[in-house]
Amino acid sequence: SLFTGYIYRRLRGTWALRSRRGHDGSISFEERSRDIQRDATGYDRFYDETAARFDWNWLPPALPWRSSIEINHRRKTFQNADSSDITSDLASIWARYTPFKGALNTEFSYKLNRTVTRPRVIIAYKVPAGEGEYLRIGDEYIYEPEIGDYILRSEPAGEALPTTNLNTALNLDWSPHR
């Protein structure tokens, strides 16, 4: 029979600060986990995740300036061997300047995202006939759960590889007739 239940846990704490001079910010920490139902009586852990976040905004009253900064760090650890652990970091800066009663609108954004994952390879393990899920024919593995003599498993291979994504933008809008 098929069991599709899961348990999802989340714990989050946030500390926020707001001032009258246009400053506000927050720091938060979050822990999450997810369990998948194994059978009618139990669950297995699927993943654990932790995240930390910092953001700060400056929105001064009666001034044409707005800005914000955000920093995130997230780590997801899978208990299942078929999935790779993921670590990601994000840094973001945004600023807007609108002088001359909005006739000039200047906006700048910068986002840097770094994600680290570990590559995986499929490894075939030979088992007695009928105990596997796949048959090997040439260089291919064909799903045959009744007579299969191979089990395929995804396993980590090599060092974790970082991927970096950088987005920047500068927008200028001059509309003197406003």
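The shown structure was predicted, so the numbers you read here are calculated from the model rather than taken from an experiment. (Residues numbered from 1 in each chain as written. Predicted model: local features only at pLDDT ≥ 70, side-chain atom pairs only at ≥ 80, totals over all residues. Heavy atoms only, no water.)

1. A look at the sheet that holds strand S6 (residues 104–117)
- Strands sit in the order S1-S2-S3-S4-S5-S6-S11 across an open sheet of seven strands; the sheet is antiparallel. At either margin of the open sheet sits one strand with a lone partner, and together these are strand S1 (6–18) and strand S11 (161–174). Along the sheet, successive strands turn relative to each other by an average axial angle of 10°, direction set aside.
- Examined bridge by bridge, S6 and S11 share 14 bridges and lie antiparallel to one another. Bridged to Phe 108 within S11 is Leu 170. (Pairing = 2+ DSSP bridges. Helix = DSSP H or I, 4+ residues; strand = E, 2+ residues; numbered from the N terminus. Axes fitted to C-alpha atoms, helices over the stretch in contact; angles between N-to-C directions.)

2. Quick word on the packing of aromatic side chains
- Going through the model one piece at a time under the given rule, you end up with seven aromatic pairs.
- On the numbers, 5.9 Å between centres and 65° between planes, the contact of Tyr 47 with Phe 78 is edge-to-face. Taken as a pair, Tyr 47 in strand S3 (residues 42–58) and Phe 78 in strand S4 (residues 65–78) lie far apart in primary sequence, 31 residues in all.
- Grouping aromatic residues by their ring pairs yields a cluster made of Phe 46, Tyr 47 and Phe 78.
- The ring of Tyr 47 has Lys 76 lying over it, and the distance from NZ or CZ to the ring centre is 4.4 Å. (Phe/Tyr/Trp six-rings, centres within 6.5 Å; stacked < 30°, edge-to-face > 60°. Lys NZ or Arg CZ within 6 Å of the ring centre and 35° of its normal.)

3. Section: the pattern of salt bridges
- Applying the stated criterion across every chain, the model contains 12 salt bridges.
- Glu 30 is paired through a salt bridge with Arg 10; the nearest N and O atoms lie 2.7 Å apart. Taken together, the residues Glu 30 in strand S2 (residues 23–39) and Arg 10 in strand S1 connect sequence positions 20 residues apart.
- Between Glu 70 and Arg 53 there is a salt bridge whose closest N-O contact spans 3.4 Å. Here Glu 70 is found in strand S4, whereas its partner Arg 53 is found in strand S3, with 17 residues between them in sequence.
- With relative accessibility at 21%, the residue Glu 70 sits in the partly exposed group.
- Residue classification places Arg 53 among the partly exposed positions, given a relative accessible area of 30%.
- Each of Arg 9, Asp 35, Arg 45 and Asp 48 takes part in a single network of salt bridges with overlapping partners. (Salt bridge = Lys/Arg side-chain N within 4 Å of Asp/Glu carboxyl O. Buried < 20%, exposed > 50% of the residue type's maximum accessible area, 1.4 Å probe, protein only.)

4. Examining the environment of Ala 103
- Mapped onto the elements of the fold, Ala 103 is located in the loop between strand S5 (86–97) and S6.
- Residue Ala 103 is classed as buried on the basis of its relative accessible area of 6%.
- Residues Ala 103 and Asp 173, 70 residues apart in the sequence, show an inter-C-alpha distance of 7.9 Å.

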